Amino acid sequence: MFAELRILLAKRKEYQHNQSLSSEQFMQMKLRKFRALVRHAQAKSPYYAELIEQRGIDVDTCIPADFP
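As the structure is a computational prediction, the values presented were derived from the model and not from experiment.

## Quick notes on helix α1 (residues 2–19)
At step 1: If you check α1, its first and last C-alpha atoms are 26 Å apart, about what 18 residues at 1.5 Å a residue would give, namely 26 Å.
At step 2: The buried count for α1 comes to one of 18 residues, which makes it a mostly uncovered element.

This is the structure:
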C-alpha cells in the first residue's frame with residue numbers, strides 16, 4: 001500500500017512539473033524518455049536489438065517513427 005502511495009505521489013509531482021513546461025520543453029522531455037526506453041529495449045530485448053541494428057537506428061537521435 002505504501003509503495004502504491006509513493007508511486008501516486010511521484011506521478012502527481014511529475015504531472016505538476018510537466019504543466020509548468022512549455023510545449024517545446026514538454027516534447028523534448030518526452031523524446032528523452034522515449035530514447036531511454038529504446039536504450040533499455042536494445043539492452044534487454046534481442047528482437048529490438050536486432051531491429052535497431054538492421055535499420056541502422058541511432059538511439060541517441062531516434063524518433064518513434066523510426067520503429068515499425
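From this point, things continue past the structure.
## Some points on the side chain of Asn18
At step 1: Mapping Asn18 onto the fold places it in helix α1.
At step 2: Leave out the neighbours within four places in its chain, and Asn18 touches Phe26 and Met29.

## Description of the packing of aromatic side chains
At step 1: Tallied over the entire structure, the rule returns two aromatic pairs.
At step 2: Seen in terms of ring centroids, Phe34 and Phe67 are 5.9 Å apart; in terms of plane orientation they differ by 80°. Their pairing is edge-to-face. Here Phe67 lies in the segment after α3 (46–55) and Phe34 lies in helix α2 (residues 23–44), a separation of 33 residues in the sequence.
At step 3: Here Phe67 falls in the buried class, since its relative accessible area comes to 16%.
At step 4: Between the aromatic rings of Tyr47 and Tyr48, the centroid separation amounts to 4.9 Å while the plane-to-plane angle is 80°, which identifies the pairing as edge-to-face.
At step 5: Residue Tyr48 is classed as partly exposed on the basis of its relative accessible area of 35%.

## Concerning the nonpolar core
At step 1: Residues Leu31, Phe34, Val38, Leu51, Ile52, Ile57, Val59, Cys62 and Phe67 constitute the largest nonpolar core, which totals nine residues.
At step 2: Every element with two or more residues in this core is listed here: α2 and α3.
At step 3: For this core, the element with the highest residue contribution is α2, accounting for three residues.
At step 4: Contact partners of Val38, with chain neighbours within four places excluded, come to Ile52, Val59, Cys62 and Phe67.

Basis of the calculations
Residue positions within a chain follow its written sequence, with the count starting from 1. Local features in a predicted model are, by the rule used here, given only for residues with pLDDT of at least 70; side-chain atom pairs are given and counted only at 80 or more, and totals for whole chains, interfaces and linings are based on all residues. Hydrogens and waters are ignored; side-chain quantities use all the structure's heavy atoms. In this text, helices come from DSSP runs of H or I with a minimum length of four residues, and strands from runs of E with a minimum of two, each type numbered from the N-terminal end. A helix is expected to span 1.5 Å multiplied by its residue count minus one. In this scheme, a residue with accessible area under 20% of its type's maximum is buried, one over 50% is exposed, and one in between is partly exposed, where area comes from a 1.4 Å probe on protein chains only. Residue contacts are counted whenever heavy atoms from the two residues lie within 4.5 Å of one another. Ring pairs are drawn from Phe, Tyr and Trp, using the six-membered ring of Trp, whenever the two centres fall within 6.5 Å, and their geometry is named by plane angle: stacked under 30 degrees, edge-to-face over 60, tilted for the rest. Buried Ala, Val, Leu, Ile, Met, Phe, Trp, Tyr and Cys residues form a nonpolar core when they are joined through side-chain atoms within 4.5 Å.

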